[in-house]
Amino acid sequence: MEKDLFNIIKQNMDLGEINITDYSPLTLAYIGDGIYEIVVRTVIVDEANRQVNKIHKAASNLVKAETQAKMIHLIMDDLTEEEVRIYKRGRNAKAVTRAKNASMSDYRTATGFEALMGWLYLTGQSERMMQLIKKCIVYFILDK
């Protein structure tokens, strides 16, 4: 079994086995939002030691719904059928709230992106998750 962050957390915190099919798409999006932000913060901090407000602004630009909606479109052709299915489950989930600075369309699309990241993380597919995130981050950091 791959020694990824999820498995390290499970082992050290004595967590039980999970059945990923029991999780709602919004639960997947919740954990996906967190793990995606950890990756983004790690990348931003690695770029340079700078003022925290500048780090926060750089990270915020990559984690906002509008950017995540663009990211999923960027990687859509790279996704497997199962990954597309997970994304669509997240996108189509009925959330009660939405981000204050996002359109409903972007918010739902970003929720699908986050659900996919959460599913990849919880199924121990961190390498795959990182491949997809890297493609997105490289595009948005280097191509702008």
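Cut-offs applied
- Residues numbered from 1 in each chain as written.
- Predicted model: local features only at pLDDT ≥ 70, side-chain atom pairs only at ≥ 80, totals over all residues.
- Heavy atoms only, no water.
- Helix = DSSP H or I, 4+ residues; strand = E, 2+ residues; numbered from the N terminus.
- Rg over C-alpha atoms; globule rule 2.2 N^0.38 Å.
- Buried < 20%, exposed > 50% of the residue type's maximum accessible area, 1.4 Å probe, protein only.
- Contact = heavy atoms within 4.5 Å.
- Areas by Shrake-Rupley, 256 points an atom, 1.4 Å probe, with all protein chains shown as cover.
- Lys, Arg positive; Asp, Glu negative; His and termini not counted.
- Charge placed at Lys NZ, Arg CZ, Asp CG, Glu CD.
- Axes fitted to C-alpha atoms, helices over the stretch in contact; angles between N-to-C directions.
- Parallel < 35°, antiparallel > 145°, perpendicular 65-115°, else oblique.
- Nonpolar A, V, L, I, M, F, W, Y, C, P; charged D, E, K, R; others polar.
- Salt bridge = Lys/Arg side-chain N within 4 Å of Asp/Glu carboxyl O.

### Looking at the overall build of the chain
Here comes step 1: The helix and strand inventory of the chain stands at seven helices and zero strands.
Here comes step 2: Counting from the amino terminus, helix and strand elements in the chain follow one another as α-α-α-α-α-α-α.
Here comes step 3: A globule of 144 residues ought to have a C-alpha radius of gyration of about 15 Å, and the chain, at 15 Å, matches this closely.
Here comes step 4: Counting only residues that meet the buried cut, the chain has 39% of its 144 residues in that class.
Here comes step 5: The contacts of the chain with a sequence gap of at least 6 include a subset with a gap of at least 24, amounting to 68%.
Here comes step 6: If you sum the accessible surface of the chain, you get close to 8900 Å²; carbon and sulfur atoms cover 53% of it.
Here comes step 7: Computing the positive centroid from 20 side-chain charges and the negative centroid from 19, the chain places the two 8 Å apart.

### What about the packing of helix α2 (residues 25–47) against helix α6 (residues 104–122)?
Here comes step 1: Between α2 and α6, whose axes approach to 6 Å, the crossing angle comes to 80°. Taken together, the axes of α2 and α6 lie roughly perpendicular to each other. Note on element contacts: α6 touches α2 through T111, F113, E114, A115, M117, G118, W119, Y121 and L122, opposite P25, L26, L28, A29, I31, G32, D33, I35 and Y36.
Here comes step 2: Here the residues of the contact of α2 with α6 are counted per class, giving 13 nonpolar, three polar and two charged.

### Digging into unusual backbone geometry
Here comes step 1: The backbone of D14 shows a phi angle near 55°, a positive value even though the residue is not glycine.
Here comes step 2: For D14, the location among the structural elements is in the loop between α1 (5–12) and α2.

### Points about the pattern of salt bridges
Here comes step 1: For the structure on display, the rule yields six salt bridges.
Here comes step 2: Put simply, E17 and K10 hold a salt bridge, and the shortest N to O gap is 3.3 Å.
Here comes step 3: Overall, E17 belongs to the exposed group, its relative accessible area being 72%.
Here comes step 4: Given the relative accessible area of 11%, K10 is considered buried.
Here comes step 5: Notably, a salt bridge pairs R128 with E83, separated by 2.8 Å at the nearest N-O pair. Placement of R128 in helix α7 (residues 126–142) and of E83 in helix α5 (residues 81–92) is noted, with a sequence separation of 45 residues between them. Just as R128 is buried, E83 falls in that class too.

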